[in-house]
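Structural features, examined
Chain by chain, the residues:
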Amino acid sequence: MQQYFSEVELRLGSDYVLTKEQAHHARDVMRMDGDKIRLVHEDRAFFASLRMDGGMVVAHIEEEDFRQTEASLQLTLAMALIRREKFELVLQKATELGVNRIIPFVSQHCVVQEKKEKAARQMERWHQILVEAARQCKRNKVPLISGIVPFTDLGEYCSMVNLACYENAGSMASLISDHIDGISSATVVVGPEGGFSFNEVEWLKEHGFACVTLGPRILRAETAAIYACAIVAERGLQ
Ligand code: SAM
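The structure presented is a predicted model; accordingly, all values stated were derived computationally and were not measured. (Residues numbered from 1 in each chain as written. Predicted model: local features only at pLDDT ≥ 70, side-chain atom pairs only at ≥ 80, totals over all residues. Heavy atoms only, no water.)

1. Concerning the sheet that holds strand β4 (residues 44-53)
Strand order in the open sheet made by the 5 strands is β1-β3-β4-β5-β2, with mixed pairing throughout. Edge positions in the sheet fall to β1 (2-5) and β2 (15-17), since each of these pairs with one other strand and no more. Within this sheet the neighbouring strands show an average axis-to-axis angle of 40°, counted without direction. Relative to β1, helix α1 (residues 20-29) is tilted by about 170°, and along the sheet it contacts β1, β2, β4 and β5 (56-65). (Pairing = 2+ DSSP bridges. Helix = DSSP H or I, 4+ residues; strand = E, 2+ residues; numbered from the N terminus. Axes fitted to C-alpha atoms, helices over the stretch in contact; angles between N-to-C directions. Contact = heavy atoms within 4.5 Å.)

2. Here's the deal with the packing of aromatic side chains
Considering all chains together, one arrives at 4 aromatic pairs under this definition. Taking 4.7 Å as the distance between ring centres and 40° as the angle between the ring planes, the aromatic pair formed by F87 and W126 counts as tilted. Placement of F87 in helix α2 (residues 84-96) and of W126 in helix α3 (residues 119-136) is noted, with a sequence separation of 39 residues between them. Taken individually, F87 and W126 each receive the classification buried, so the pair is uniform in this respect. A ring pair is formed by F105 and F151, whose centres lie 6.0 Å apart and whose planes are at 65°; its orientation type is edge-to-face. Residue F105 is found in strand β7 (residues 101-106), and its partner F151 is found in the loop between β9 (149-150) and β10 (161-165); the two are separated by 46 residues along the sequence. Of the two residues, F105 and F151, neither departs from the other in class, the shared state being buried. Among the aromatic residues, ring-to-ring pairing joins F105, F151, F196 and W203 into one connected group. (Phe/Tyr/Trp six-rings, centres within 6.5 Å; stacked < 30°, edge-to-face > 60°. Buried < 20%, exposed > 50% of the residue type's maximum accessible area, 1.4 Å probe, protein only.)

3. As for the site of the ligand
Taken together, 18 residues lie near the ligand, and C165, E167, L214, G215 and R217 sit nearest. Within the contact set of the ligand, a nitrogen atom lies 2.8 Å away from a backbone nitrogen or oxygen of L214. R217 places a polar main-chain atom, nitrogen or oxygen, 2.7 Å from a nitrogen atom of the ligand. Against a free-state accessible area of 570 Å², the protein chains account for coverage of 84% of the ligand. Within the shell around the ligand, the residues separate by chemical class into 11 nonpolar, 4 polar and 3 charged. (Near = heavy atom within 4 Å. Polar contact = N/O pair within 3.5 Å; in protein donor to acceptor, adjacent residues only side chain to side chain. Areas by Shrake-Rupley, 256 points an atom, 1.4 Å probe, with all protein chains shown as cover. Nonpolar A, V, L, I, M, F, W, Y, C, P; charged D, E, K, R; others polar.)

4. Let's talk about the pattern of salt bridges
Under the counting rule described, the total for this entry stands at 17 salt bridges. The residue R67 makes a salt bridge to D65 at a minimum N-O spacing of 2.9 Å. Under the relative-accessibility criterion, R67 is labelled partly exposed at 46%. One network of salt bridges, in which partners are shared, links D15, R51 and D53. (Salt bridge = Lys/Arg side-chain N within 4 Å of Asp/Glu carboxyl O.)

5. With respect to helix α4 (residues 198-206)
Of the positions making up α4, those classed as buried are E200, V201, W203 and L204. Seen from one end, α4 has its buried residues packed into an arc of 160°, which puts them on one side. When the buried face of α4 is taken as reference, the exposed residues oriented beyond 90 degrees from it are F198, N199 and E206. Against the buried residues of α4 lie β10 and β12 (210-212). Immediately downstream of α4, the backbone of G208 shows phi near 85°, a positive value. (Arc of directions from axis to C-beta.)

6. A look at unusual backbone geometry
The backbone phi angle of R31 is positive, close to 50°, even though this residue is not glycine. Positionally, R31 belongs in the loop between α1 and β3 (36-41).

7. Here's the deal with the pairing of β4
Bridge analysis of β3 against β4 gives 6 bridges, and the strand direction is antiparallel. The partner of L39 across the bridge, within β4, is F46. Hairpin connection, β3 to β4: the antiparallel pair is bridged by 2 residues, and E42 has positive phi, about 45°. Across 9 bridges, the pairing between β4 and β5 is antiparallel. By the bridge assignment for β5, F47 is matched with E63. Hairpin connection, β4 to β5: the antiparallel pair is bridged by 2 residues, and G54 has positive phi, about 65°.

Right, here's the structure in full:
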């Protein structure tokens, strides 16, 4: 069953006219007519039946879907700017794993630098990746993504628990799962290909971030991000 997000409120028994992009996907790509789809608006989901109506594709809203596909723990992923395709992979996987908010940041050892002149187009592309991933996995919400922030702004995105994934935290360091029992929100920070500088690690500790280990191996940044989100997502199922 395909899912689409609506910008307008949805009401049982009423019709929703798919947007141009949604209609193209439903009619021309998925060749649907008469099929059922899932429509979501602000964390409420409905089942609807599609019909072609002239050049429009119209969904008649028939039943509310009370399945809750959002995670109970509000997870913020602060992700260092890494190579484009890897950063975009993190956006897609973090969405599937239930992340609520993504904060891209630049830090001292980032290989990729921010290109302000491309910021608007990049943000639009990132948002499209999040919408498509949320649509595919039937989420009731699309994760929020901020603009690229400097490392020292991360203090503005703290949660109930704040964790920094640090490969040199040592074998006695705590694990993500040691910190997330019974909490409602967490912020997890993952560094760039070049890792965190010594000063950045000190800054994180001074600002209440616990350095956690993801094990003895040095993971790629995208692996670390996906792994961290998966640990939190799985705990949210218990
Ligand atoms: N400094 C690393 C090195 O020596 O190659 C490179 C950083 S690693 C490629 C990218 C990021 O992934 C790190 O900044 C950290 O946030 C996270 N990471 C990788 N392996 C980790 C581990 N074993 N434990 C905790 N975090 C890890």
